[in-house]
Amino acid sequence: MISRPMTCGMELSDQLPKTYEFAKVEERWQNRWRDEDFYFDRNSKKPHFIIDTPPPYPTGNFHVGNALNWCYIDFFARYKRMRGFNVMFPQGWDCHGLPTEVKVEEINNITKNDVSREEFRRMCRELTIKNIGQMRQTLRRMAFSVDWSNEYITMQPEYFKKTQLSFLRMLKSGYIYQSEHPVNFCTRCETAIAFAEVAYDERDTRLNYFDFDSVEIATTRPELLAACVAVAVHPDDTRYQKLKGKTLKVPIFGHLVPVVRDEAVDPAFGSGAVMICTFGDKQDVHWWKQHNLALRKAIDRQGKMTALAQKYEGMTAANCRKAILSDMEEKKILRKQEALGQRVGTCWRCKTPIEILSERQWFIKIKPDEILDAAHQITWYPEHMLRRMENWVEQMEWDWCISRQRIFATPIPVWFCKKCNEMVVPDENDLPVDPTLTKPEQACPKCGGKEFAAEKDVLDTWMDSSISVLYVTGWDGHSSPEIFPAQIRPQGHDIIRTWAFYTILRSVALTGNRPWDQILINGMVLGQDGFKMSKSRGNIIVPEDILCKYGADSLRQWAAMGATTGSDIMFNWNDVVAASRFQTKMWNIARFVLLQLDKEGIEKNVPVTSLADRWLLTRLSNIIGKVTDAMEQYQFDVALKAIREFAWDILADNYIELVKGRLYTKDASRRSACLVLYTAYDAICRMLAPFTPYFAEECYFYINKTSVHKQPWVTFTYDDPQAYVEGDLLVKIVGDVRKYKHDSGLALNAPLGRVTIYAPHTIEDAGDAARTLNADVFWRTDTAKLDRIVTDIEFNRSVVGPAFRKKAPAFMNAIRVLSPQELVNPPKLITLEGTEVLVPDHAFTPKFSYMEGGAKVDVISVGDVIVTIQKTA
RNA sequence: GGGCUCGUGGUCUAGCGGUAUGACGUCGCCCUUACACGGCGGAGGUCGCCGGUUCGAAUCCGGCCGGGCCCA
């Protein structure tokens, strides 16, 4: 059967533009591809593959870091579809949170208190919707095969009602509780934050030494004097033995505090006596709990001094510090000040130093064992990232504080009876609710009261995003969804301690099961200078810039090849340019292949007999296996590298060069080459499809008139060990003779004369070598009648080493003194330190110089093949 | 200070027990009927340093030095 590509009356090769214009191609396919092709089919019988995609924060800009992450997702999503999976690649948007609130305040030049809560929320929603719109465009342009029917937006009722449902469920099961407890608090954002949201900054401060009722105390935070609840010293510190059991009078404020003894006090730091305040830092919290100390709140939620600070009331903490220091100076109790570098916990969003305040907050119980247990059931790529999770879980100290005192977030669905303070929750069927806008339908079940106070606190944003996997799999509060757990979670290593951790916690708490089978961690994208991208460094690269200059496929190739999956990756224009060049090369391969197939069409059942043809098929089969294995392990760099190497080196530079001459003939063997070209080309297109969807589609469509993205993954195999070895030899011989030509100053297509190849057995190359070298080529199996002189010996250490161990050097020395005849035909035994030992096969190869009785014959040796060249006179 | 990671030609990168992979750059030759956005070839590395294990180490072990990330 001969099938000719459909050509609409024109030859295919005429249709193919000389250069590949990515901008036109991308636009065309973007308009032609349909969203429905990527929809997850809930009724399908195919095995499902659910991806718990990260919902990005809708800033309006999809950055390069996101791009890397999404490229990985798209690579395996497309690959899995080709492997017959029913893939769900949802796209979420994690809307709630401070940055949007801040942005809204900035854009409208207001503060959140200037408008009603509802109005403020409306403004936040509006901005978010606009930003999502912008980011969707970039996603589409990057050709991510997103399932838009499974898009979710956490601020929308259908999503946050699940967040609220999960809250009620965990409240019921005892995971969630309220408590007055010290929490990290950002006084600028006026909200509690979790440990995961605390960043640490290096700052310079002063250590102030002052007289504390005749005891010298050193502190960096004199403004907390009003909150002082004890003085602590090391139990063994001889300087302070007499203070045992005493109380001291706090300077300026005058209240009495106990002296406590604690091993954790560092006698070498400051004066060795430290004041404990509620709360200067985490250590204070420890001591406070351990010694059961009083609670004195000197700083409020705005970061201002409370009434407890007496005359300093209303000052900011910073001003209070100045004022107290100057008062101390006046009273002559300030003794000295030292410069001190310290690390300050700050709010990761706004960089304001955090305070530790004791507040009534909502918490989720952290049960390290069940989280670790689930984490160990998940396969981590790369494996070592699991360590980060373990380390984080093992050192958790407080429970997760989930309440926030902000506006744009999921409301906590709770009221309190004004009469008896009983907590009342809505019926699950009434969700979502905003308790500040509605009231419970029933009277208080405890006292019958009808007046309720709404919980004004809202939920931490991670409460929304940590149920992404439950949402997409259709969790309804009753049991594990049928398609839960998901197959994979792709995400960055920067959010292992947050998103991954919280998701595992919530899945276990709500379903008793792990959230996913696998987790794939991607690295961070660094600027071209090797540093994290930042405005101040001016090293930010935006995806749009790359898309405009080199196109989506080049950017995607960079993502695949820039680094081993999981490691940080430096952005590098070179790699993008190299990727674009590969497309150019591949495009020319396409043009060549189509030009050849045009001539006589493709004959799909022609026997493939020529050595070069069989050789290419073995190499193709080999590369397919390699690429498939790499894809299964998410080693995109390995996979794409193998594809590129095959297309460029093996197919273009070796195979095509070898069979070109044959293709220009009208021999029957030309049809075999055509079939091989078609097979290889088809396979490359399909293997490239996950990586370069536009390019692969364009190449594939020209020849098959159908979408490559609807084809199955390549599973072609071809086993012919003899062709593999002999083909390699043929390629090597042709390459070496070419090099010889080059070294002799000949053009590569210049006539060469007579080339005789003495190979150990017959090789039938169908005349490929002769045409390629432009020479008369004679294959012979007899021995060349040449004088040869041994010039060197090459040892095969992987044979010599295991065979002789410590005696290897002695063996090699013994071989070196053999006669030339013996080197060519080695003896079976050799004497080594008085004992006879066996000479192993392939232990060494003699290197020869050739002469032929004075005749002008150049000789090249390729392994044990000898090639003589007699140039045209 | 702890954990995790990394240190390979000018730059970036693969390898992770048997004499070092590729890309970019650089130099030379070649416009050979797919491709000069190409082909062919060359130069360039004591694989951070010091020890150890081994017949043999970039590769394993120990120590040191230096980056990065996360956390105290």
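So, how was this worked out
Residues numbered from 1 in each chain as written. Chains lettered and ligands numbered in written order. Predicted model: local features only at pLDDT ≥ 70, side-chain atom pairs only at ≥ 80, totals over all residues. Heavy atoms only, no water. pLDDT = per-residue confidence, 0-100. Contact = heavy atoms within 4.5 Å. 1 Å grid on protein atoms, 1.4 Å probe; cavity = no way out; pocket = protein on both sides within 12 Å on 5 of 7 lines; lining within 4 Å. Points joined across faces, edges and corners; volume = space filled by probe spheres on them. Helix = DSSP H or I, 4+ residues; strand = E, 2+ residues; numbered from the N terminus. Nonpolar A, V, L, I, M, F, W, Y, C, P; charged D, E, K, R; others polar. Near = heavy atom within 4 Å. Polar contact = N/O pair within 3.5 Å; in protein donor to acceptor, adjacent residues only side chain to side chain. Pairing = 2+ DSSP bridges. Axes fitted to C-alpha atoms, helices over the stretch in contact; angles between N-to-C directions.

(A) Quick look at the confidence of the model for chain A. Mean pLDDT for chain A: 87, with 96% of residues reaching 70 or above. Counting contacts from residues 1–11, a segment whose pLDDT is below 50, to residues more than four positions away or on other chains yields 24 contacts. Model confidence for the complex: the whole-complex pTM is 0.85, and ipTM, which rates the interface, is 0.91.

(B) Focus on empty space enclosed by the protein. Tallying each qualifying case throughout the model produces two cavities of 30 Å³ or more. For the largest cavity, the lining is made up of 19 residues, of which G97, L98, E197, R404 and T461 are closest to its centre. Secondary structure elements with two or more residues in the lining of the largest cavity: helix 4 (98–108), strand 7 (191–193), strand 22 (458–459) and helix 11 (461–465). For the lining of the largest cavity, the element with the highest residue contribution is strand 7, accounting for three residues. Across the lining of the largest cavity, the residue classes break down as ten nonpolar, three polar and six charged.

(C) Local environment of the protein's contact with RNA strand B. Near RNA strand B lie 41 residues; those nearest to it are N391, R497, T564, W648 and Y664. What you see for RNA strand B is that sugar and phosphate hold 62% of its atoms within 4 Å of the protein. N574 places a polar side-chain atom, nitrogen or oxygen, 3.0 Å from a sugar or linking oxygen of RNA strand B. A distance of 2.6 Å is found between a sugar or linking oxygen of RNA strand B and a backbone nitrogen or oxygen belonging to R805. The set of elements that each furnish at least two residues to the surface near RNA strand B consists of helix 10 (385–394), helix 16 (573–600), helix 18 (636–663), helix 21 (721–743) and helix 23 (797–804). In terms of residue count, helix 16 provides more of the surface near RNA strand B than any other element does, ten residues in total. Of the residues belonging to the surface near RNA strand B, the class tally is twelve nonpolar, twelve polar and 17 charged.

(D) Fine view of the layout of surface pockets. There is about 1400 Å³ of room inside the second largest pocket. Surrounding the second largest pocket, 48 residues form its lining, T220, R221, G280, D281 and Q342 being those nearest its centre. At the level of elements, strand 8 (198–212), strand 9 (215–219), strand 13 (273–277), helix 7 (282–290), helix 8 (317–330), strand 14 (334–347) and strand 15 (355–364) are the ones that each hand at least two residues to the lining of the second largest pocket.

(E) Region of the structure containing the sheet that holds strand 23 (residues 486–492). The three strands lie next to each other as 16-24-23, forming an open sheet whose pairing is parallel. Because the sheet does not close on itself, it has two edges, and the strands there are strand 16 (379–381) and strand 23. Pairs of neighbouring strands in the sheet enclose a mean axial angle of 15°, with direction left out of account. Here strand 16 runs beside strand 24 (residues 516–522); their pairing, made up of three bridges, is parallel. Paired with T379 across the strands is Q518, a residue of strand 24.

(F) View of unusual backbone geometry. For the bond running from T278 to F279, omega is 0°, close enough to zero to count as cis. As for its position among the elements, F279 is in the loop between strand 13 and helix 7. For the bond from Y381 to P382, the omega torsion is -10°, close enough to zero to count as cis. Positive phi, normally seen in glycine, also occurs at I252, with a value near 65°.

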